[in-house]
Amino acid sequence: MLTILRSIFRTGCKTETLAESTAIESGAQLLEAAIRKHFNSSLAIRQVDAGSCNGCELEIHAVNNCYYDLERFGCHFVASPRHADMLLVTGPVTRNMETALRMTYDAMPAPKLVVAVGDCAASCGVFGRDNYAIAGAVSDIIPVNITVHGCPPTPGDIIQGILQAVEG
Amino acid sequence: MRFVVNTWFAERLADAGIHSRFLEDHHPVHMPCLEIRRLDWAQAAELARRLEMRLVAVWAAEAGLHDASPSGDLPLYAYMAYAHPEHRHALLRTELNTDEPVVHSISPHFIAACRMERSMQDMFGIRVQGIPDDRAWLKHEHWPEEALPLKRDFNAVQPMPSDPARMGIDYPYVQSASSGVHEIPVGPVHAGIIEPGHFRFLAVGEQVLNMEARLGYVHKGVERAMQGKSAENGVKLAGRTSGDCTVAHAWAFSQACEYAAQKPPPLRASFIRGVLCERERMANHIGDIGAICNDAAFGFMHAQMQRLREDMARLHAAIFGHRLLMDLVIPGGVGRDIPAVERDALLAQTQDIAEEVERLRSIYADHPSIQERVIGSGVVSTEDALDLGLLGYAGRASGNYPDERIEEAYPPYDGLQIRVAKGRMGDVATRVWVRFEEIADSARIIALLLEAMPEGAIANPWKAPEAGLSGFAAIEGWRGEIAAWVRFGEGGLVDRYFVRDPSVINWLGLELAVRGVPVPDFPLNNKSFNCSYAGNDL
């Protein structure tokens with residue numbers, strides 16, 4: 001136990017203000033205020049991989065690490081679409097995931113915010129639209145509020161996308 | 001690189017009375033491709049088993065247009081690849097009857113072949129005779145019956161329609177007739193931030209009797225999409241076969257292309273590839289160890305490990321312009337050099353992180369609450385590991401130690417001593433132990449590579465080989481051996497690309513590991529294997 005405490009003490013606080021880790025000036029306050037206002041201080045996010053290469057998943061994981069610590073603004077990832085205010089969808093939507101994505105979306109309560117994360121989610125990316133196995137970009141299957149570009153987008157970009165969706 | 005024709009397997013085949021012909025349009029010659037008769041297919045697999053070779057992959061390909069018969073028919077070939085720890089890789093090929101393609105199953109000799117043979121059935125309509133499990137694999141229920149996506153005459157440029165008549169069909173999962181057994185369906189959308197796949201548990205009380213994975217949900221038609229791409233464009237797609245393993249996949253693709261073109265990259269490029277690949281190995285092991293601890297509610301370790309992983313990603317962004325090191329390995333070399341100033345930063349950070357990981361390792365080892373969860377959970381026996389041919393850390397935890405950095409000894413590893421962590425217990429604790437060992441060894445290798453980095457160019461101009469030439473490469477990614485086979489067609493474009501991610505084999509290891517494990521320990525075991533869904537589904 002002592003070694004753990006010593007280690008925590010040595011590491012110190014690594015969490016950055018959003019302006020430090022992203023280009024968003026005063027983004028933190030905006031995000032926190034918007035979440036407070038619209039979602040009673042708590043935004044529940046459900047992530048769905050609809051066909052990604054798993055690069056975007058690594059960066060979504062990263063928004064939860066101690067540098068970005070998305071949870072301090074009241075955002076948390078939930079295990080069921082039934083609990084979710086927002087869907088974070090990655091990947092081109094494969095034919096084999098199309099039904100599962102629709103069902104996940106249908107299972108969500110309103111307001112059903114959707115953020116399409118990554119170039120594949122935006123426009124099928126390197127896998128291409130002219131592909132038998134791909135049903136389309138996320139917006140071809142379900143309504144999308146905000147699209148975040150990048151292959152994969154950085155954690156900062158993802159946070160900014162979430163902010164825009166909440167504000168919009 | 002030793003450019004000597006590897007005749008060992010051909011001689012063994014001849015001893016067994018199997019005639020084989022060396023194919024000259026395949027490279028490299030130390031990993032030769034031998035054509036055998038279709039009748040000898042299963043017998044050759046049996047011989048490979050007797051010789052204690054490891055099955056690398058089995059796949060199919062339509063011939064290139066240059067190979068068409070006068071009537072315009074394209075031959076259809078089946079391929080299989082084997083590896084021997086001392087005698088390297090060898091490929092076998094046989095020609096199938098185009099009108100009614102049939103091949104004997106090799107699954108009775110190598111059970112890991114089964115899912116690959118099921119994919120051959122789904123993609124080419126090849127009938128695999130005697131296959132122990134003939135359910136569709138990548139072809140989900142809604143696909144039209146006649147859809148054979150890797151056949152040339154298939155319309156691959158439009159989203160495949162659903163066949164309404166097939167929509168109601170259920171996948172026939174393994175079931176139990178016993179009233180004491182209950183089924184737990186999980187997925188394809190899982191509870192965490194994770195890729196999609198379906199797991200079907202048969203449980204008795206708390207304990208898993210059987211777990212069956214149903215995959216294919218992220219099938220993106222990678223093999224088909226690669227056809228008609230130039231190697232320079234194709235490498236971007238290859239690097240996204242499994243995004244967490246982008247360096248190794250891009251390297252496997254590039255090396256297969258370079259072998260086909262018979263032009264190795266400059267030595268400096270190989271060294272840089274080695275540095276990138278070992279950094280990728282470190283980052284993923286660090287992230288996974290944290291996640292394994294998190295699944296046993298040891299949040300401290302998770303927070304610390306994710307911090308280290310983020311530090312690595314940030315330095316990658318600063319030096320190479322990409323946090324996950326995508327698009328750096330290109331056919332002919334690498335796209336970015338490591339200048340002297342940045343070399344020092346990379347070296348210093350690698351050593352700092354390795355030291356921090358060692359400090360955290362001692363906390364992990366001294367913590368009974370985590371040890372109690374990982375020790376003895378999810379055991380894969382050595383016998384089973386050898387039987388399946390488990391790869392990477394999953395194999396090394398269970399007494400099976402294939403490592404392409406040693407077996408194939410491609411540059412830059414040809415001059416290095418790789419320390420293979422040799423585990424035997426095969427439980428979660430051993431898989432974590434192997435990963436800790438590999439982090440330390442990768443840090444050591446990165447330091448050696450950075451210090452001995454030769455001067456010179458970082459890439460040769462890429463020149464595509466003639467139509468019909470093919471290349472095969474086996475690269476040790478962080479999950480284990482990635483096997484890639486590329487054949488070029490007209491205009492220097494890729495005509496067929498096959499890749500076997502280590503996950504294809506290691507998923508089977510997870511299914512064995514969780515038998516008898518309490519259901520709540522499944523996430524712990526799953527993370528200790530951390531197989532790629534994207535790499536499996538392609």
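I will try to describe carefully the structure that is included in this document. (Residues numbered from 1 in each chain as written. Chains lettered and ligands numbered in written order. Predicted model: local features only at pLDDT ≥ 70, side-chain atom pairs only at ≥ 80, totals over all residues. Heavy atoms only, no water.)

## Section: the overall build of chain A
Within chain A one finds eight helices and seven strands. In terms of overall dimensions, chain A is globule-like: its C-alpha atoms have a radius of gyration of 17 Å, near the 15 Å expected for 168 residues. If one aligns the C-alpha atoms of chain A with their principal axes, the spans along those axes are about 55 × 35 × 30 Å. Each of the 168 residues in chain A was classed as buried or not, and the buried ones make up 60%. Averaging the locations of the 12 positively and 17 negatively charged side chains of chain A gives two centres separated by 7 Å. (Helix = DSSP H or I, 4+ residues; strand = E, 2+ residues; numbered from the N terminus. Rg over C-alpha atoms; globule rule 2.2 N^0.38 Å. Buried < 20%, exposed > 50% of the residue type's maximum accessible area, 1.4 Å probe, protein only. Lys, Arg positive; Asp, Glu negative; His and termini not counted. Charge placed at Lys NZ, Arg CZ, Asp CG, Glu CD.)

## Thoughts on the overall build of chain B
Check the secondary structure of chain B and you find 17 helices and 16 strands. In terms of overall size, chain B behaves like a compact globule, its C-alpha atoms giving a radius of gyration of 23 Å where 538 residues would be expected to give roughly 24 Å. Principal-axis analysis of the C-alpha atoms places the extent of chain B at approximately 70 × 70 × 50 Å. Within chain B, the proportion of its 538 residues that are buried is 65%. Contacts in chain B between residues at least 24 apart in sequence constitute 69% of all its contacts with a sequence separation of at least 6. Accessible surface for chain B amounts to roughly 18600 Å². Of this, 52% is attributable to carbon and sulfur atoms. Charged side chains of chain B number 54 positive and 72 negative; the gap between the two group centres comes to 2 Å. (Contact = heavy atoms within 4.5 Å. Areas by Shrake-Rupley, 256 points an atom, 1.4 Å probe, with all protein chains shown as cover.)

## Details of the packing of helix α1 (residues 8-15) of chain B against helix α2 (residues 41-50) of chain B
Residue and element names in this part refer to chain B. Axis separation between α1 and α2 bottoms out at 11 Å; the angle between their running directions is 115°. One way to sum up the angle between α1 and α2 is to call them roughly perpendicular. Judged by the sense of rotation from one axis to the other, the crossing of α1 with α2 is right-handed. Judged by residue contacts, Phe9, Arg12 and Leu13 of α1 engage Ala44, Leu47 and Ala48 from α2. (Axes fitted to C-alpha atoms, helices over the stretch in contact; angles between N-to-C directions. Parallel < 35°, antiparallel > 145°, perpendicular 65-115°, else oblique. Left-handed = near helix turned anticlockwise from the far one by under 90°.)

## Topic: the interface of chain A and chain B
Listed as interface residues are 52 residues of chain A and, on the opposing side, 59 residues of chain B. With both chains or domains summed, chain A and chain B bury close to 4300 Å², and 60% of this area falls on carbon and sulfur atoms. Counting the surface chain A buries against chain B, the share from its top three residues, Arg95, Asn96 and Tyr132 of chain A, is 20%. Remark: the boundary between chain A and chain B carries two salt bridges. Here Arg323 of chain B ties to Glu59 of chain A by a salt bridge, and the two come within 2.5 Å at their closest N and O atoms. Across the contact surface, chain A and chain B share 31 residue pairs in polar contact (both at pLDDT 80 or more). Within the residue set of the side of chain A that touches chain B, elements represented by two or more residues are α1 (2-11), β1 (43-49), α4 (55-62), α5 (98-107) and β6 (134-136) of chain A. Here the element with the most residues in the side of chain A that touches chain B is α4 of chain A; it accounts for seven residues. Here the residues of the side of chain A that touches chain B are counted per class, giving 25 nonpolar, 17 polar and ten charged. (Buried area = accessible area lost by both parts, 1.4 Å probe. Salt bridge = Lys/Arg side-chain N within 4 Å of Asp/Glu carboxyl O. Polar contact = N/O pair within 3.5 Å; in protein donor to acceptor, adjacent residues only side chain to side chain. Nonpolar A, V, L, I, M, F, W, Y, C, P; charged D, E, K, R; others polar.)

## Quick look at the packing of aromatic side chains
One pass over the full model with this rule turns up 24 aromatic pairs over all chains. Geometrically, the ring pair formed by Tyr132 of chain A and Phe154 of chain B is edge-to-face, given 5.5 Å between the ring centres and 90° between the ring planes. With Tyr132 of chain A in the loop between α6 (119-123) and β6 and Phe154 of chain B in the loop between β8 (127-129) and β9 (182-186), this residue pair bridges two chains. This pair shows no difference in class: Tyr132 of chain A is buried, exactly as Phe154 of chain B is. Residues Tyr77 of chain B and Tyr79 of chain B carry aromatic rings whose centres are separated by 6.4 Å and whose planes lie at 70° to one another, so their mutual orientation is edge-to-face. (Phe/Tyr/Trp six-rings, centres within 6.5 Å; stacked < 30°, edge-to-face > 60°.)

## Side note on the nonpolar core
Burial of nonpolar side chains together is a common tendency in soluble globular proteins. Ranked by internal contacts, the top residues of the largest apolar core, which has 190 residues, are Phe9, Tyr82, Leu92, Phe253, Phe472 and Tyr497 of chain B. The next biggest cluster of nonpolar side chains, apart from the first, holds 28 residues, and it includes Leu88, Val117, Val148 and Ile159 of chain A. (Core = buried A, V, L, I, M, F, W, Y, C linked by side-chain atoms within 4.5 Å.)

## Structural notes on a nonpolar patch on the surface
Taken together, the side chains of Met1, Leu2, Leu5 and Ile8 of chain A define a hydrophobic patch exposed on the protein surface, amounting to about 440 Å² of accessible area. Topologically, Leu5 of chain A is positioned in helix α1. (Patch = residues over 30% accessible without salt bridge, like charges linked within 9 Å, V, L, I, M, F, W, Y side chains within 5 Å.)

## Topic: the packing of helix α9 (residues 340-365) of chain B against helix α14 (residues 428-451) of chain B
Residue and element names in this part refer to chain B. Following both chains from N to C, one finds α9 and α14 inclined at 160°, their axes separated by 10 Å at the closest point. By the angle between their directions, the pair α9 and α14 is classed as roughly antiparallel. At the point where α9 passes α14, the crossing takes the left-handed sense. Facing α9, whose interface residues are Arg343, Leu346, Leu347, Thr350, Gln351, Ala354, Val357, Glu358, Arg361 and Tyr364, α14 presents Ala429, Val432, Trp433, Phe436, Glu437, Ile439, Ala440, Ala443, Ile446, Ala447, Leu450 and Glu451. Here the residues of the contact of α9 with α14 sort into 15 nonpolar, two polar and five charged.

## Notes on the pattern of salt bridges
Residue and element names in this part refer to chain B. Summed over the entire model, instances satisfying the criterion amount to 48 salt bridges over all chains. Between Arg54 and Glu407 there is a salt bridge, with the nearest N and O atoms lying 3.4 Å from each other. Residue Arg54 is found in strand β4 (residues 54-62), and its partner Glu407 is found in helix α13 (residues 404-407); the two are separated by 353 residues along the sequence. Per residue, the accessibility class of Arg54 equals that of Glu407, and both read buried. Notably, a salt bridge pairs Glu278 with Arg405, separated by 3.2 Å at the nearest N-O pair. A residue pair is termed long-range when its members are at least 10 positions apart, and Glu278 in helix α7 (residues 267-295) and Arg405 in helix α13 qualify at 127 residues. Of the two residues, Glu278 and Arg405, neither departs from the other in class, the shared state being buried. If you follow the salt bridges from partner to partner, you end up with Glu278, Arg281, Arg396, Asp403, Arg405, Glu438 and Glu476 in one network.

## Quick word on empty space enclosed by the protein
Where empty space is left can be seen by rolling a probe of water-molecule size over the atoms. Residue and element names in this part refer to chain B. Overall, the coordinates contain six cavities of 30 Å³ or more when judged by the stated rule. Taken as a whole, the largest cavity spans an internal volume of roughly 240 Å³. Where the lining of the largest cavity is concerned, the elements lending two or more residues are β4, α3 (113-124), β16 (494-500) and α17 (533-537). Top element by residues in the lining of the largest cavity is α3. It accounts for six residues. Split by residue class, the lining of the largest cavity holds 14 nonpolar, three polar and five charged. The volume enclosed by the second largest cavity comes to roughly 100 Å³. Taken together, 14 residues form the lining of the second largest cavity, with Asp25, Tyr79, Arg93, Gly468 and Arg487 sitting closest to its centre. Every element with two or more residues in the lining of the second largest cavity is listed here: β5 (76-84) and β15 (481-488). Classifying every residue of the lining of the second largest cavity gives five nonpolar, five polar and four charged. (1 Å grid on protein atoms, 1.4 Å probe; cavity = no way out; pocket = protein on both sides within 12 Å on 5 of 7 lines; lining within 4 Å. Points joined across faces, edges and corners; volume = space filled by probe spheres on them.)

## Focus: the sheet that holds strand β10 (residues 198-204) of chain B
Through backbone hydrogen bonds, the strands of a sheet pair up, either in parallel or in antiparallel fashion. Residues and elements named next belong to chain B. Spatial strand order, β9-β10-β11: three strands in an open sheet with antiparallel pairing. If you trace the sheet from one side to the other, it starts and ends with β9 and β11 (207-214), each paired once. Each adjacent strand pair in this sheet contributes to an overall mean axis angle of 20°, direction not counted. Bridge count for β10 against β11 is seven bridges, and the pairing is antiparallel. Of the residues in β11, the one forming a bridge with Phe201 is Met211. (Pairing = 2+ DSSP bridges.)

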